[in-house]
Every structure is written in C-alpha cells, then in structure tokens.
Amino acid sequence: MKLILDTSNTKFQLGGEFTPRLDKDGNQRRDKSGGTNLPLWAANLVAWSDGTVETILVTVALAEAPKVSQGQYVSVQGLQAMPWVQNGNSRVAFRADSIVPISNGAAPAPKAN
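Predicted model only: the values in this text are computed from it and were never measured.

Trainee: Let's hear about the environment of Trp-48: which residues, and what values?
Mentor: Here Trp-48 is to be found in strand S4 (residues 40-49). Expressed as a C-alpha distance, the spacing of Trp-48 and Thr-10, which sit 38 residues apart in the sequence, is 5.5 Å. Leave out the neighbours within four places in its chain, and Trp-48 touches Asn-9, Thr-10, Lys-11, Gln-13 and Val-53. A polar atom in the side chain of Trp-48 sits 3.2 Å from the side chain of Gln-13.

Trainee: An account of unusual backbone geometry is requested, with residue identities and associated values reported.
Mentor: Even without a glycine there, the phi angle at Asn-37 is positive, about 60 degrees. On the basis of relative accessible area, Asn-37 is assigned to the partly exposed category, the value being 45%.

Trainee: Explain the nonpolar core residue by residue, including any values.
Mentor: Most often, soluble globular proteins keep nonpolar side chains buried together rather than apart. With 19 residues, the main nonpolar core has Phe-12, Phe-18, Leu-45, Val-58, Val-76, Leu-79 and Ile-99 as its most contacted residues. Mapped onto this core, the elements with two or more residues apiece are strand S2 (11-14), S4, strand S5 (52-61) and strand S6 (73-77). At four residues, S4 tops the list of elements feeding residues into this core. Contact partners of Leu-45, with chain neighbours within four places excluded, come to Phe-12, Gln-13, Leu-14, Gly-15, Glu-54, Thr-55, Ile-56, Val-58, Val-74, Val-76 and Ile-99.

Conventions used here
- Residues numbered from 1 in each chain as written.
- Predicted model: local features only at pLDDT ≥ 70, side-chain atom pairs only at ≥ 80, totals over all residues.
- Heavy atoms only, no water.
- Helix = DSSP H or I, 4+ residues; strand = E, 2+ residues; numbered from the N terminus.
- Contact = heavy atoms within 4.5 Å.
- Polar contact = N/O pair within 3.5 Å; in protein donor to acceptor, adjacent residues only side chain to side chain.
- Buried < 20%, exposed > 50% of the residue type's maximum accessible area, 1.4 Å probe, protein only.
- Core = buried A, V, L, I, M, F, W, Y, C linked by side-chain atoms within 4.5 Å.

The following block contains the structure:
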C-alpha cells in the first residue's frame, strides 16, 4: 500500500548528499515499480512541521542525482509512505516524485490550509 502524504505544512531541508540505492550485489537499483527504469537515489531529509522535526530517508528515480547542497531547503513533490514488514519488523519507506532545491535558499513558507 502506498500512502500519499500531505506536505503542505512541512518544510524540508537536505540532511546529506544523494547516494545511489544499491542492491545486495552492489549494483544501483532501478525504478521497476514506477515503470521508468531510472536509477534510484536516496537522501536524508529533515522534515520540519508543527514544532516537531524528523529525519526521513527519501528515494527518488532520476537519471542523475539531484544537485542539492547539504542544509539547503528543498521542495518535495508526491511524497509517499510505503509500509512494509520483514522478519516481523515493521518499517516505512519514503519515496518522492521529485526533490528540487528552493532557489533562494530560504525556508519555504507553509501553505495556508
């Protein structure tokens, strides 16, 4: 099950560089579920919302890693949460359609409800 998240009241900041998502053999994974077959990249994002902060690992399917600097504010489009269970452990994977830098470097204002 994929859950689309409402990020209208959340600011995101890049916590580190994008790195390739690798399979168990060390090869870069590709987007099979989205049908694009593009390479998968992941980065930690710091999510600021309603006085709380959380760091999440978010994966995107792109031809090349996004050119974003650590600490830079980004716009995240189409953020999905995908719950999964392995060996009795529950986890949540996050995936986005796109992650792009906010050009002026300032934190984006939360959208009005």
